[in-house]
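Topology and contacts: notes
Spelled out, the chains give:
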Amino acid sequence: MSSFLHLLLFLFFIPLFQTLDLQLKITEELVTLQNSYLKLQFNLRQPQLDYLAADFTGKGFYGPNLFAGRSDPLNRRGLVLERESSTNNRRVVFSSSSGASSSLTVQTLVNDTSLISVRVSNIVDSVSDSVLTSSWTLSLSKNERFFNLSTSTRVLASSSSVTSIRLSSYLNPVSLTAFSSRGSLQLAYPNNPTYFGFSAPVERIFALGSGAGCVDARITIPREIVGLVGTSSGLFNSGWQVVLDGQFPTKDVWNSDGWNNAKTFTTSAGTEYTATMTISPNNFDFPAGNVSEALDLPIEHVQAIYTGVYASPAGALVSYLLPGQISPTIAHPQHAYQDLYNFYDPDSWLSISSFMYSGDAYLFNEARKLLERSAGSMLPSGQIPHHFDVLNPIYTAISGATQTGPNIFWTSAALQYIKNSGDYDWLRRFYPPIRKSFDYLLNMYHPNVGLLNAPGPLWIDVFIRGNYSSDSNAFMVQLFRWGSELETFLGDTTRANYLNGIADKITEEMNRLLWRTDHYITQLNPDMTIKDMVDYDSNLLAIAFQIPTLQMSEQILKRLDSGSCIHGLASLPRPTYVSEKYYDSANCYGGNTGDSAVTMGRIGWADATARRVVGDLKTFENVLLNPILNLLNKNTWLYERYTCQSQPTHNPFYICLLYTSDAADDLICV
């Protein structure tokens, strides 16, 4: 992590509110522990944790119960002890929630102003046929958003028909994400209850969305972890099983069979199992396990930042099964683009940006792997793959266009990773591909014209753009300045001055050759003919990267803001539309006009950055930031695009970074 980020965390991460006193209440039916951030209950009549609620703000106004609380013959409503057995091909589940033994006891270990710790002993898997007894110790501190659960389970009697001994959590949030040593995995909304047995250790597992809050857990000493994702009509929406003994029959693939084909084993009386969990509940849809303190921002902004990080791009990682890869959408249950991953057009760049804002070491590591995966398939020319079809690098867009975007956005992401992580060992190892990527783009620069001659569009792959185009040239001004900063840091002042000089020249020639009265044209062709669609994206990028003068910027915004669709409906703004003139089939690759009449989050990001440059705070807050921020906080996930009428279109569950990291970027930078 960079020294700058350390300083940012030190200076700005402060408690949002003063916490309230700890409370412990024990009755004949319930053990209740609570502080101002969370409340949990252990049911003594049907032994289990069956109530868990949170208030991220620390005011004690808890959200809804995060446990599923569904109707079940065994009364399983939360976190329970289970034993599953198989006799004559008949499978039977025994659960602690089915009833309490007469020897169940509660002991208060600590109860002071800073810590509560209570132990519930003699929890059994079955009152009438006990094979297991378990002791659970619950601990809660005053100033924390998490509680600790330590379990010790002992075998009472030998049994030859057991297939599993486990601690099962049945939850209400709809999407499950697991961070393992092998990579990340996520699933939501399956057609049937689905299970995933992890062969690799799981470092962290959390369930979140849609508006149901989040349960975030770190688990130690389990034999293995099984992830659960269900349906609204079943026992759970999501959850996990901490396996104390037994072996899940199918590993590393989602399946609906669960434990049906598990092999039996014989338990031995006296065998003991231990497991500990640190569980962080949240009434908002993001994991609170890393957030004991929060950014000194309005709570809705904090919510948007972390939801934008964890619900979408973190959920879109597919690195458990395909290391170093990420989808444009979460799995719901399929990914919208099926087996296509690592789109640097600019989805993966935006995802990596999100990971940098998280302060999460795991996500920093995933960002590095994403960069290395694409760098590993760089062509000798320096061209970065546009995306991957499973494991196969593809160098053109789905539309067939050759874009400048993959090199521009991969390089931008690499520089952003270095700046935020302070991983200079990685810089030393990957400077050669970074330089090669720059050289690939430099080969498009024509010194006699002072502009890049682009082979295709920057980041809207279906639009026929190229030659001396305003979209690619605008972004190259900023990228070359970033490159100049890198070379200065490395001590190569000659190359630093060279890159900065090209950025200056492109700025000069864009203002001389591409400027028309109140905007930049789409492109200048080698024969000096032009194409002019009055593109919103390239003009906003130009302002964002301070290419026009302030007077020119004001002229651009006056022209763009007069457009009927720039932000959708005025009463329901959605940032930001693509162009003033419609890209008809003749102006789109393959006649595909699917992106010709929509807003795009990436353009919203350019728009927000441009408004900051000119000081247009009103548009920034009321049109670009707050509407999307509120939509995200309400729905957790957003659509890929919105229409001129502000209606959602294209794929749902898209990497919300296209909108929400816009929010995160704006919030942090302002």
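Residues numbered from 1 in each chain as written. Predicted model: local features only at pLDDT ≥ 70, side-chain atom pairs only at ≥ 80, totals over all residues. Heavy atoms only, no water.

Further remarks concern the overall build of the chain. Summing up its helical and strand segments, the chain has 14 helices and 37 strands in all. Its C-alpha atoms give the chain a radius of gyration of 28 Å, near enough to 26 Å, the size a compact globule of 670 residues would have. When its C-alpha atoms are laid out on the principal axes, the chain stretches across 90 × 50 × 50 Å. Counting only residues that meet the buried cut, the chain has 62% of its 670 residues in that class. The contacts in the chain between residues at least 6 apart in sequence include a share of 65% that link residues at least 24 apart. Element-wise, carbon and sulfur atoms account for 49% of the exposed surface of the chain, whose accessible area totals about 24,200 Å². Counting 46 positive and 58 negative side-chain charges, the chain places the centres of these two groups 4 Å from one another. (Helix = DSSP H or I, 4+ residues; strand = E, 2+ residues; numbered from the N terminus. Rg over C-alpha atoms; globule rule 2.2 N^0.38 Å. Buried < 20%, exposed > 50% of the residue type's maximum accessible area, 1.4 Å probe, protein only. Contact = heavy atoms within 4.5 Å. Areas by Shrake-Rupley, 256 points an atom, 1.4 Å probe, with all protein chains shown as cover. Lys, Arg positive; Asp, Glu negative; His and termini not counted. Charge placed at Lys NZ, Arg CZ, Asp CG, Glu CD.)

In space, the 3 strands of this open sheet follow the order β28-β31-β32, with antiparallel pairing throughout. Two strands bound the open sheet, and with one partner strand each, they are β28 (468-469) and β32 (530-531). Note that β28 and strand β31 (residues 523-524) share 2 bridges and pair antiparallel. Across the sheet, residue tyrosine 468 finds its bridge partner in β31, namely leucine 524. (Pairing = 2+ DSSP bridges.)

Burial along strand β11 (residues 147-155) is one-sided: Phe147, Leu149, Thr151, Thr153 and Val155 are buried, and none of Asn148, Ser150, Ser152 and Arg154, which face the opposite way, are. Relative to β11, strand β10 (residues 132-141) runs antiparallel, the two being bridged by 9 bridges. Bridge pairing links tryptophan 136 to threonine 151 in β11. Linkage of β10 to β11, two consecutive antiparallel strands, is achieved through a turn of 5 residues. Bridging between β11 and strand β21 (residues 272-282) involves 8 bridges; their strand directions are antiparallel. Each residue of the ladder has a partner; that of phenylalanine 147, found in β21, is isoleucine 279.

To continue, consider the packing of aromatic side chains. As enumerated under the stated definition, the model contains 32 aromatic pairs in all. Seen in terms of ring centroids, tyrosine 424 and phenylalanine 489 are 5.2 Å apart; in terms of plane orientation they differ by 35°. Their pairing is tilted. Here phenylalanine 489 lies in helix α8 (residues 470-490) and tyrosine 424 lies in helix α7 (residues 424-442), a separation of 65 residues in the sequence. In this structure an aromatic cluster arises from ring pairing among Trp349, Phe409, Trp459, Phe475, Trp482, Phe545 and Trp605. (Phe/Tyr/Trp six-rings, centres within 6.5 Å; stacked < 30°, edge-to-face > 60°.)

To continue, consider the packing of helix α6 (residues 405-421) against α7. When two helices pack together, their arrangement is given by the angle between their axes and by how far apart the axes lie. Direction vectors running N to C along α6 and α7 enclose 155°, while the axes themselves pass 10 Å from each other. Taken together, the axis directions place α6 and α7 in an arrangement best described as roughly antiparallel. Remark: the crossing between α6 and α7 carries left-handed chirality. Seen from α6, the contacting residues are Asn407, Ile408, Trp410, Thr411, Ala414, Leu415, Tyr417 and Ile418; seen from α7, they are Tyr424, Trp426, Leu427, Pro433, Ile434, Ser437, Phe438, Tyr440 and Leu441. Partitioning the contact of α6 with α7 into residue classes produces 14 nonpolar, 3 polar and no charged. (Axes fitted to C-alpha atoms, helices over the stretch in contact; angles between N-to-C directions. Parallel < 35°, antiparallel > 145°, perpendicular 65-115°, else oblique. Left-handed = near helix turned anticlockwise from the far one by under 90°. Nonpolar A, V, L, I, M, F, W, Y, C, P; charged D, E, K, R; others polar.)

What follows concerns the sheet that holds strand β35 (residues 598-599). Read from one edge to the other, the open sheet built from 3 strands follows the order β35-β36-β37, with strand pairing classed as antiparallel. Every other strand in the sheet has two partners, leaving β35 and β37 (648-649) as the edge strands with one partner each. Across 2 bridges, β35 lies against strand β36 (residues 641-643) in antiparallel orientation. Across the sheet, residue threonine 599 finds its bridge partner in β36, namely tyrosine 642.

Locating aspartate 360 in the fold gives a position in the loop between α4 (347-358) and α5 (361-375). Classification of aspartate 360 as buried rests on a relative accessible area of 4%. Of note is the side chain of aspartate 360, whose polar atom sits 3.2 Å from the side chain of asparagine 290. Residues within four places of aspartate 360 in sequence aside, it is in contact with Phe179, Arg204, Asn290 and Tyr310. (Polar contact = N/O pair within 3.5 Å; in protein donor to acceptor, adjacent residues only side chain to side chain.)

Our focus in this paragraph is α8. The end-to-end C-alpha distance of α8, which contains 21 residues, comes to 30 Å, matching closely the 30 Å that a straight helix rising 1.5 Å per residue would cover. Within α8, 15 of the 21 residues are buried, which leaves the element mostly enclosed by the surrounding structure. Trailing α8 by a residue or two, glycine 491 shows a phi angle of about 90°, which is positive. (Expected span 1.5 Å × (residues − 1).)

Within strand β19 (residues 238-246), 9 of the 9 residues are buried, leaving the element largely enclosed by the surrounding structure. Pairing of strand β12 (residues 159-171) with β19, which is carried by 8 bridges, proceeds in the antiparallel orientation. Of the residues in β19, the one forming a bridge with arginine 166 is valine 243. Of the pairings in the sheet, the one linking strand β18 (residues 224-229) to β19 comprises 6 bridges and is antiparallel in character.

Now for the nonpolar core. In terms of nonpolar packing, the biggest core is built from 109 residues, with Ile434, Phe480 and Ile506 touching the most fellow members. Considering each element in turn, this core owes the most residues, 9 residues, to α7. In this view, isoleucine 506 contacts Tyr445, Gly450, Leu451, Leu452, Asn473, Met476, Val477 and Phe480; residues no more than four positions away in its chain are not counted. If you look at the next biggest cluster of nonpolar residues, it comprises 55 residues, including Leu38, Val120, Val242 and Ala331. (Core = buried A, V, L, I, M, F, W, Y, C linked by side-chain atoms within 4.5 Å.)

The interhelical angle for the contact between helix α10 (residues 536-544) and helix α12 (residues 601-614), taken along N-to-C directions, is 40°, at an axis separation of 8 Å. One finds that α10 runs oblique with respect to α12. As α10 runs across α12, the sense of the crossing is left-handed. Counting all contacts with α10, which are made through Tyr536, Asp537, Leu540, Leu541, Ile543 and Ala544, the residues of α12 involved are Ile603, Trp605, Ala606, Asp607, Thr609, Ala610, Val613 and Val614. Residue classes in the contact of α10 with α12 are distributed as 11 nonpolar, 1 polar and 2 charged.

So, on to the state of the cysteines. Considering all chains together, one arrives at 1 disulfide under this definition. Two residues share a disulfide in this structure: cysteine 565 and cysteine 644, whose sulfurs sit 1.7 Å from each other. The chirality of the disulfide connecting cysteine 565 with cysteine 644 is left-handed, given an S-S dihedral of about -75°. Of this pair, cysteine 565 sits in the loop between α11 (550-561) and β33 (568-569) while cysteine 644 sits in the loop between β36 and β37; the two residues are 79 residues apart in sequence, bridging distant segments of the chain. Of the two residues examined, cysteine 565 and cysteine 644, each falls in the buried class. In this structure cysteine 588 is a free cysteine whose sulfur lies 16 Å from that of cysteine 565, the closest cysteine sulfur available. Since its relative accessible area comes to 4%, cysteine 588 is described here as buried. (Disulfide = S-S within 2.5 Å.)

Here we come to the pattern of salt bridges. With the rule as written, the count across this model stands at 35 salt bridges. Across the salt bridge formed by glutamate 28 and arginine 45, the nearest N and O atoms sit 3.6 Å from each other. Taken as a pair, glutamate 28 in the loop between β2 (23-26) and β3 (30-34) and arginine 45 in the loop between β4 (38-43) and β5 (48-54) lie far apart in primary sequence, 17 residues in all. Since its relative accessible area comes to 66%, glutamate 28 is described here as exposed. A salt bridge links aspartate 616 to arginine 611; the nearest nitrogen and oxygen atoms lie 3.0 Å apart. We note that aspartate 616, like arginine 611, is buried. One connected set of salt bridges, linked through shared partners, spans Asp72, Arg76, Glu82, Glu84, Arg91 and Arg166. (Salt bridge = Lys/Arg side-chain N within 4 Å of Asp/Glu carboxyl O.)

Geometry only, nothing functional implied.
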